[in-house]
Amino acid sequence: MSAAPGRLVIGLTGGIAAGKSTVADLLAARGAIVIDADLLAREVVAPGTAGLAAVVERFGPGVLTADGDLDRPALGRLVFADPAARRDLEAIIHPAVRARAAALTAAAPDGAIVVQVIPLLVETGQQEAFDLVVVVDVPPEVQLARVRARDGLGEPEARARLAAQAGRDARLAVADVVITNDGSPAHLEEQVERLWRERLGPRAG
Ligand code: ADP
């Protein structure tokens, strides 16, 4: 079943620093409409949203800054060591993100190639919601080096971040297409170009 009639809807995922944003940019340059779940997760708790109201109702006004914005560090401290609180927060944010992504997908023109970038696609069990699941894969040591370089992290912090995600095997198990980003940027772009040519673009033309 098509995720959205008339549109090809791709779920793009991969571990931290695997290259999701880079691949999304390359697909956007070829004409895809990119919807970024991380950006939506901020939008749905912006001031004035039902999402922010729900967060304040659950966690109290201490999670707001003086200006009425979400105080992310304060909220982070509340959910960091409390799995039940984290689940409550996710129960507010994840459905709102999905609803917004679905609305944006529905608003895309007929024939559009829509790419939803979802870091936790596998962890949240969404693979069935897409026409095609594309996984950007890197070997763990490459991932560790890139996350450290990009985010300026020491090795223990970087390893802790990677450990919080679904295993590489779980992601690969649901992939329709695997992009292996263990080489140069040019090698990555070649794979994206092939994906576009063979699986995505021709349909649009
Ligand atoms: P993600 O969105 O999956 O977290 P990014 O696309 O931000 O990952 O890539 C992580 C970092 O690695 C970025 O700094 C990006 O520029 C860099 N990067 C991505 N692909 C390559 C590559 N093939 N060679 C070198 N650096 C890369």
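Residues numbered from 1 in each chain as written. Predicted model: local features only at pLDDT ≥ 70, side-chain atom pairs only at ≥ 80, totals over all residues. Heavy atoms only, no water.

Asks: Describe in detail the overall build of the chain, supporting the description with residues and values.
Replies: When you go through the chain residue by residue, the secondary structure sums to 9 helices and 5 strands. Each helix (α) and strand (β) of the chain, taken in turn from the N terminus, gives the series β-α-β-α-α-α-α-β-β-α-α-α-β-α. By the compact-globule yardstick of 17 Å for 205 residues, the chain fits well, its C-alpha radius of gyration being 18 Å. Principal axes of the C-alpha set define a box for the chain whose edges measure 50 × 40 × 30 Å. Burial status across the chain gives 40% buried among its 205 residues. The long-range share in the chain, meaning contacts at least 24 apart out of those at least 6 apart in sequence, stands at 72%. Of the roughly 10600 Å² of accessible surface on the chain, 55% is carried by carbon and sulfur atoms. (Helix = DSSP H or I, 4+ residues; strand = E, 2+ residues; numbered from the N terminus. Rg over C-alpha atoms; globule rule 2.2 N^0.38 Å. Buried < 20%, exposed > 50% of the residue type's maximum accessible area, 1.4 Å probe, protein only. Contact = heavy atoms within 4.5 Å. Areas by Shrake-Rupley, 256 points an atom, 1.4 Å probe, with all protein chains shown as cover.)

Asks: A description of the sheet that holds strand S5 (residues 177-180) should follow, citing residues and the corresponding values.
Replies: Hydrogen bonding along the main chain pairs the strands of a sheet, whether they run parallel or antiparallel. One open sheet accounts for 5 strands, arranged S2-S3-S1-S4-S5; its pairing is parallel. Edge strands, defined here as strands with exactly one partner in the open sheet, are strand S2 (33-36) and S5. Taken over all neighbouring pairs, the strand axes of this sheet differ in orientation by 25° on average, direction set aside. Across 4 bridges, the pairing between strand S4 (residues 132-137) and S5 is parallel. When the sheet's bridge partners are listed, valine 136 is paired in S5 with isoleucine 179. Here helix H1 (residues 20-29) sits on the sheet and contacts strand S1 (8-14), S2, strand S3 (113-117), S4 and S5; the angle it forms with S1, its principal contact strand, is near 155°. (Pairing = 2+ DSSP bridges. Axes fitted to C-alpha atoms, helices over the stretch in contact; angles between N-to-C directions.)

Asks: Which residues make up the packing of aromatic side chains, and what are the values?
Replies: Counted according to the given criterion, the structure contains 0 aromatic pairs. For the cation-ring pair, arginine 58 lies above phenylalanine 59, with the distance from its terminal atom to the ring centre recorded as 4.5 Å. (Phe/Tyr/Trp six-rings, centres within 6.5 Å; stacked < 30°, edge-to-face > 60°. Lys NZ or Arg CZ within 6 Å of the ring centre and 35° of its normal.)

Asks: Tell me about the pairing of S3, and please be specific about residues and values.
Replies: Across a regular strand the side chains alternate sides, sitting on one face of the sheet and then on the other. Of all 5 residues making up S3, 5 are buried, and the element is well covered by its neighbours. A two-sided burial pattern is seen for S3, the buried positions comprising Ile113, Val115 and Val117 on one face and Val114 and Gln116 on the other. Summarising the sheet, S1 and S3 pair through 5 bridges and their orientation is parallel. Bridged to valine 9 within S3 is valine 114.

Asks: Pulling in residues and values, what's your account of the site of the ligand?
Replies: Near the ligand there are 13 residues, and of these Lys20, Ser21, Thr22, Arg150 and Asn181 occur at the shortest range. Contact distances for the ligand include 2.8 Å between an oxygen atom and a side-chain N or O atom of lysine 20. Within the side chain of arginine 146, a nitrogen or oxygen atom sits 3.4 Å from a nitrogen atom of the ligand. Isolated, the ligand exposes 560 Å² of accessible area, and the fraction of that covered by the protein chains is 74%. Breaking the shell around the ligand down by element, the ones donating at least two residues are H1 and helix H6 (140-151). (Near = heavy atom within 4 Å. Polar contact = N/O pair within 3.5 Å; in protein donor to acceptor, adjacent residues only side chain to side chain.)

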